[in-house]
Amino acid sequence: MYGLTRYKLLFLLPGLLILLGIILFPLGFTIRVSFSGWDAARPGLDWIGGTNYSRLFADGRFWESLSRLGAIAFTSVILEYLLGFALALLVWRQVRFRRLTRVLFLIPMMTTPVVMAVIWRTIFHESLGPANDLLSLLGMGSIPWLTNSFWATVVVILVDVWQWTPFMFLLLLAGLLSLPREPFLAAAIDGAGPIRTFFNVTFPAMAPISVGALIIRLIEASKIMETVYVITSGGPGTSTETSSYYIFIRGLRDFQIGYAAALSVTYLVIMIVLLTIIAKSLSRYLVKNGA
Amino acid sequence: MSKKHYAMRNLNVALGGEIHLQNINIDLPQSGVVTIIGRTLAGKTTLLKVMAGLQGPQSGAFTQGETDLLKIPAWKRKVGMVYQQFVNYPHLDVRQNISFPLKRAKFSEADIARKLTYVTGLLGLEDYLDRRPAELSGGQQQRVALARSLVKETDLLLLDEPLVNLDYKLREQLREEFRRIFSQSADRLVVYATTDPAEAMILHGQVIIMHEGRVVQSGDYRDVYHFPANVIAAEVYNDPPMNLLSGEIEAGQIHLADGLKLEIPAHLKKLEAGTYVFGIRAMDIEVGGKSKATLALAEVNGSSTIYHLNLTGSSLVIEREGVHPLAVGTPVAFSLDTSRLYVFHALSGDALVFPARKSVSGQGDI
Amino acid sequence: MRNLLRLIKFAAILIWSAFVVAPFLWALTTSFKTANGVTSGATYIPFVDYQPSLGAWKGLFGSGGGSIDIMGPFVNSAVVTLSASLISLILGTLAAYGLSRFTYKAGPVGNADLTFFFISQRIMPPVVLAIPFFLMLGLFGLLDTIFGLVIVYIALLMPIAVWVMVDFFNQVPRELDETAMIDGCNPVETFWRVILPNSKPGLVVAGIFCVVFGWNDFFFAFTLTFTKTQLLPVAIVSLNSSVTPWWSLSASALISVAPLILVAFLVERYLDKGNIAGGGK
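It should be emphasised that the depicted structure is a prediction, and the values quoted were computed from it without experimental measurement.

What counts and how
- Residues numbered from 1 in each chain as written.
- Chains lettered and ligands numbered in written order.
- Predicted model: local features only at pLDDT ≥ 70, side-chain atom pairs only at ≥ 80, totals over all residues.
- Helix = DSSP H or I, 4+ residues; strand = E, 2+ residues; numbered from the N terminus.
- Buried ≥ 20, exposed ≤ 12 C-beta atoms within 10 Å, placed from the backbone.
- Contact = placed C-beta atoms within 7 Å.
- Pairing = 2+ DSSP bridges.
- Axes fitted to C-alpha atoms, helices over the stretch in contact; angles between N-to-C directions.
- Nonpolar A, V, L, I, M, F, W, Y, C, P; charged D, E, K, R; others polar.
- pLDDT = per-residue confidence, 0-100.
- Parallel < 35°, antiparallel > 145°, perpendicular 65-115°, else oblique.
- Left-handed = near helix turned anticlockwise from the far one by under 90°.
- Domains from an automatic or database assignment.
- Expected span 1.5 Å × (residues − 1).
- Arc of directions from axis to C-beta.

## Brief notes about the overall build of chain A
Argument step 1. Within chain A, the regular secondary structure consists of 13 helices and 0 strands.
Argument step 2. Seen in sequence order, chain A has helices and strands lined up from the N terminus as α-α-α-α-α-α-α-α-α-α-α-α-α.
Argument step 3. In terms of its C-alpha atoms, chain A occupies a principal-axis envelope of roughly 75 × 75 × 35 Å.
Argument step 4. For chain A, the residues scored as buried account for 44% of the 291 residues in total.
Argument step 5. In chain A, 68% of the contacts between residues at least 6 apart in sequence involve partners at least 24 apart.

Shown next, in the form of structure tokens:
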């Protein structure tokens, strides 16, 4: 169509250039910094080659933080998926209180994660928090929520589940509400019970939206750090430290800028590769099932 | 043709690897009515969009007189367009919708008011000026769209199957109105795309038959009716489509399917023996006679009844005046008016012999 | 059997609802406590379990001793979030309209790649950007300023605006644009006079998403500001020290999430109109 070129660029360029400027320039800068020895003592862009990267390969704390991140992210996302699906199924056919339950279930994902994490931290306070108080009412001993590595991890996951199950719930409920009626009628005519109907009809039909929701949540979960910072500060020790949090400590606490940049680049590359593999294999599973 | 006539030369449009228009060469007058007729996806819409400047061709030229229209963006052309889906501005009421193009063209308030009164009167929209499009019926919405494209003085008015989404009665009514409305301003070319040959015949003017992105035939609406260039033109420009039966000329007779034998009429005497495609209009087959076939479907269409008869390998469609419902499966006797037979080449489909011209009733002024 | 099933269903919804509201209720009751009410162990019901006081709330609004400045950070958060959201919405909507309507081609890069570039910024872990942002803003003297944060938040929010609006514009029929152009509007006028007035639902959703994500950011506000330009989440988290005034903490947390709870009601109303498709894709 004649005469468009000028206008085409007018629409796209302002946003594109600004985003490129804000994101790509710093990213390029990070890559350059990762080859420097920039730290608090010697700030500046010198060139030390791949030293930061060879140090990183021997840095057990970094690799541990990565595997810990994997464990926390997968556990949280799977729990959120199962709970979100279950809640969506519960509310799906329900007419009464649907709006009330929906707005109620929506609230956690809208509220500021760190602010809610602050509240959760008081709830899991060992001597003053209601969590242990309720356990003692049930006749159980108190649990060292924030001072034991296992329980601290549990709290981090629990807070994530509280916050993000609503996201799964919302997407899956949208999916359920948009399902065609016919397969369910057919299953009912075949005399299939609710469990068989779920596994033969509902679940396969929900596969595409499930994959989408899982991927979006995995991407978000791979960035977990704020709640960790507030609830456990990575502790006790380094037992709840995620990769983002470790990079943050190295970079903006210890001011080992060069080394933190190398960690950032490595982390970003690993995330992109892993998330791409996960997304691709999940989508392939989709195609195989003809959904 | 006048010096300011429209010409398309070797025009090609392909979108996403799909060919929409292929080597289009047409000439259109500066004013009058041109009907583009073809099935769905024949390329009619794309052709209109090229004319409006909404779609650029990959190659070719589109000119008006000396002017290269392809160099003028859509918003600077003097064009109006009406779509088959009633497109109006949802956020504006009817008055604002219709005056929208006038405001863009910087007409004075007084001019706008005058034109608005005229066009709303023409289309019977006076009572709905304060409503939003969503509060109108489909027919009213389409009238608003039409009013918006009529109210500005355009060189070119494009209508893309404007009646297809309306119900039968409204379609009949608006079809009649179109003829009146289009004749209001003599200095404008109306290009009207449709799948319905009846609309083309009512509007008169030039007819362009399209098929799979190509122009199959172009000419005066009567000429195209009487002398279809090939089987596609014969099918597309007749409703019901012309019956096409393959058969042989052999030993002084025409042999069609199911042992149907016909005497060779005078206008076909010169044809050599061999295989041909014979065409005959549904209205040129009479009920009653020697031949028989079973009825597959009977439909009443306005004032006539249409029978679909089963023949081996094909079917035969008969149009009968009046309402005569029949049960499916009934044997129906029929006879072909052989003086009305068209003959097409068996392989290329090109027309070989036409019957003599004859005035026809019920299909407009042919 | 049927009744039992219904009972289980009801109980499950009830348990989850309790889990959802628990931290809010806990914060609410804590916000009325005094030091005594907190240090004597977990208590729940005012007047029965502990003697309530309005001290924490009074402290937030500047009267009384031990007052905590929460209104300053609240205003900062509002200014940064709203201006970054507005700019992101404008730039993102323009880009989204372009990506939805026109064909871009620069070498091997086409519309799909450009759209992906915008949206993929959501994949970027904040920590990867925090270090260069810190150095760059420092270089331009923009650390600890509202302006610096707005720039960073634009990068954070524009992808969301583009994502929502591309999806929205793809559902607006092209014939509407074409009709506007035929009626004499150039593409800018088409966008401004015809498309934008009909894009309210999309803009509302994109705006809500931008505001929520902007309001909820902690990490950039935390790393790129110190004391001068404190945003609300940072102010609240800084209360989370060893000698925690839980009552003020709870009261300010509630103030900070109150706008979001209002937004949640808005979103729910929007979902109820059946506009859920955009979120599901």
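Having seen the model, we can carry on.
## Things to note about the overall build of chain B
Argument step 1. Helix and strand counts for chain B come out as 8 helices and 20 strands.
Argument step 2. In terms of its C-alpha atoms, chain B occupies a principal-axis envelope of roughly 75 × 45 × 40 Å.
Argument step 3. Looking at chain B as a whole, 39% of its 366 residues qualify as buried.
Argument step 4. Partitioning the contacts of chain B with sequence separation of at least 6, the portion at a separation of at least 24 is 65%.

## Concerning helix α2 (residues 94-104) of chain B
Residue and element names in this part refer to chain B.
Argument step 1. Considered for burial, the residues of α2 that qualify are Val 94, Asn 97, Ile 98, Ser 99, Phe 100, Pro 101 and Leu 102.
Argument step 2. As for α2, its buried residues are in contact with α3 (109-123) and α4 (138-151).
Argument step 3. Looking one or two places after α2, you find Lys 106, whose phi comes out positive at around 60°.

## Comments concerning the sheet that holds strand β18 (residues 331-336) of chain B
Residue and element names in this part refer to chain B.
Argument step 1. Within the open sheet, the 4 strands sit side by side as β17-β16-β15-β18. Their pairing is antiparallel. Each edge of the sheet is formed by a strand with only one pairing partner; in this case those strands are β17 (314-321) and β18. Neighbour to neighbour, the strand axes of the sheet diverge by 50° on average, direction disregarded.
Argument step 2. Of the strand pairs in this sheet, strand β15 (residues 285-301) and strand β16 (residues 304-311) are connected by 6 bridges, and their pairing is antiparallel. For Leu 297, the partnering residue across the bridge sits in β16 and is His 308.

## What about unusual backbone geometry?
Argument step 1. The step from Asp239(B) to Pro240(B) runs through a cis peptide bond, and the omega angle for that step is -5°.
Argument step 2. Turning to its location among the elements, Pro240(B) is positioned in the loop between α8 (231-236) and β11 (243-250).
Argument step 3. Positive phi is not limited to glycine here, since Ser233(A) has a value of about 50°.
Argument step 4. Note on placement: Ser233(A) falls in the loop between α11 (226-231) and α12 (243-253).
Argument step 5. Backbone geometry places Asn23(B), a non-glycine residue, at a positive phi of 50°.
Argument step 6. By the element assignment, Asn23(B) lies in strand β2 (residues 18-28).
Argument step 7. In this structure Asn23(B) comes out as partly exposed when scored by C-beta crowding, with 15 C-beta atoms within 10 Å.

## Description of the sheet that holds strand β12 (residues 253-255) of chain B
The pairing of strands in a sheet comes from backbone hydrogen bonds and takes either a parallel or an antiparallel form.
Residues and elements named next belong to chain B.
Argument step 1. Taken together, 6 strands build an open sheet; the order of strands is β13-β12-β11-β14-β19-β20 and the sheet is antiparallel. Looking at strand neighbours, the two that pair on one side only are β13 (261-263) and β20 (351-353), the edges of this open sheet. For this sheet, the mean inter-axis angle between neighbouring strands, taken without regard to orientation, is 40°.
Argument step 2. As judged from the 3 bridges shared by β12 and β13, these two strands associate in the antiparallel manner. Counted as the bridge partner of His 255 is Lys 261 from β13.

## Describing the interface of chain C and chain A
Argument step 1. Residue-level contacts link 74 residues of chain C with 69 residues of chain A.
Argument step 2. It is helix α13 (residues 246-272) of chain C that provides the largest number of residues to the side of chain C that touches chain A, a total of 15 residues.
Argument step 3. Split by residue class, the side of chain C that touches chain A holds 55 nonpolar, 15 polar and 4 charged.

## Considerations on the confidence of the model for chain B
All names here are of chain B.
Argument step 1. With 96% of its residues at a pLDDT of at least 70, chain B reaches an overall mean of 87.
Argument step 2. Helix α5 (residues 168-182) is the least confidently modelled element of chain B, averaging 81 in pLDDT, while α2 averages 94, the highest of any element.
Argument step 3. Note on residues 361-366: pLDDT is under 50 here. Beyond four places in sequence and across chains, it has 8 contacts.
Argument step 4. Among the prediction metrics, the complex's ipTM stands at 0.87, with pTM recorded as 0.86.

## Notes on the pairing of strand β1 (residues 6-15) of chain B
All names here are of chain B.
Argument step 1. Where β1 meets strand β4 (residues 59-64), 5 bridges bridge the pair, whose relative direction is antiparallel. In the sheet register, Tyr 6 faces β4, and the bridge partner there is Gln 64.
Argument step 2. Pairing between β1 and β2: 7 bridges, direction antiparallel. Paired with Leu 15 across the two strands is Glu 18, which belongs to β2.

## Comments concerning the packing of α3(B) against α4(B)
The relative placement of two packed helices is expressed as an angle between their axes plus a distance between the axes.
Residues and elements named next belong to chain B.
Argument step 1. Where α3 meets α4, the closest approach of the two axes is 10 Å, and the angle between their N-to-C directions is 140°. When the interaxial angle is binned, α3 and α4 end up oblique. α4 is crossed by α3, and the crossing has right-handed handedness. Here α3 contributes Lys 115, Leu 116, Val 119, Thr 120 and Leu 123 to the contact with α4, which in turn contributes Arg 143, Leu 146, Ala 147, Leu 150 and Val 151.

## Examining the pairing of strand β14 (residues 274-280) of chain B
Residue and element names in this part refer to chain B.
Argument step 1. Among the 7 residues that make up β14, 5 are buried, leaving the element largely enclosed by the rest of the structure.
Argument step 2. With 7 bridges joining them, β11 and β14 adopt antiparallel strand pairing. Bridge pairing in β14 places Glu 248 opposite Thr 275.
Argument step 3. Pairing of β14 with strand β19 (residues 342-345), which is carried by 4 bridges, proceeds in the antiparallel orientation.

## Brief notes about the environment of Ile278(A)
All names here are of chain A.
Argument step 1. Its place among the elements puts Ile 278 in helix α13 (residues 257-288).
Argument step 2. A count of 17 C-beta atoms within 10 Å places Ile 278 in the partly exposed class.
Argument step 3. For the pair Ile 278 and Gln 163, spaced 115 residues apart in the sequence, the C-alpha separation amounts to 23 Å.

## A few points about the domain arrangement of chain B
All names here are of chain B.
Argument step 1. Looking at chain B, the domain boundaries give domain 1 (6-232) and domain 2 (243-353).
Argument step 2. Measuring from the centre of the C-alpha atoms in domain 1 to the corresponding centre in domain 2 gives 36 Å.
Argument step 3. Each side of the interface is counted separately: domain 1 has 6 residues, and domain 2 has 6 residues.
Argument step 4. Residues belonging to the side of domain 1 that touches domain 2 are distributed by class as follows: 5 nonpolar, 1 polar and no charged.

## Observations regarding α3(B)
Residue and element names in this part refer to chain B.
Argument step 1. For α3, which comprises 15 residues, the first-to-last C-alpha distance of 21 Å matches the rise-based estimate of 21 Å (1.5 Å per residue) to within 8%.
Argument step 2. The complete set of buried residues in α3 reads Leu 116, Val 119, Thr 120 and Leu 123. Taken end-on, α3 shows its buried residues confined to a sector of 100°, consistent with a single buried face. Away from its buried face by more than 90 degrees, α3 exposes Ala 110, Arg 114, Thr 117 and Gly 121.
Argument step 3. Buried residues in α3 make contact with α2 and α4.

## Considerations on the packing of α2(B) against α3(B)
Residues and elements named next belong to chain B.
Argument step 1. The interhelical angle for the contact between α2 and α3, taken along N-to-C directions, is 130°, at an axis separation of 10 Å. Taken together, α2 and α3 sit at an angle that is classed as oblique. For the pair α2 and α3, the crossing hand works out as right-handed. Between α2 and α3, the residues in contact are Arg 95, Ile 98, Ser 99, Leu 102 and Lys 103 and Ile 112, Lys 115, Leu 116, Val 119 and Thr 120, respectively.
Argument step 2. Grouping the amino acids of the contact of α2 with α3 by side-chain chemistry returns 5 nonpolar, 2 polar and 3 charged.

## A short note on the environment of Pro162(B)
Residues and elements named next belong to chain B.
Argument step 1. Turning to its location among the elements, Pro 162 is positioned in the loop between β7 (156-160) and α5.
Argument step 2. A count of 26 C-beta atoms within 10 Å places Pro 162 in the buried class.
Argument step 3. Remark: the alpha-carbon pair of Pro 162 and Tyr 83, spanning 79 residues in sequence, is separated by 5.8 Å.
Argument step 4. Those residues within four positions of Pro 162 in sequence are excluded, and the remaining contacts are Val 82, Gln 84, Gln 142 and Leu 146.

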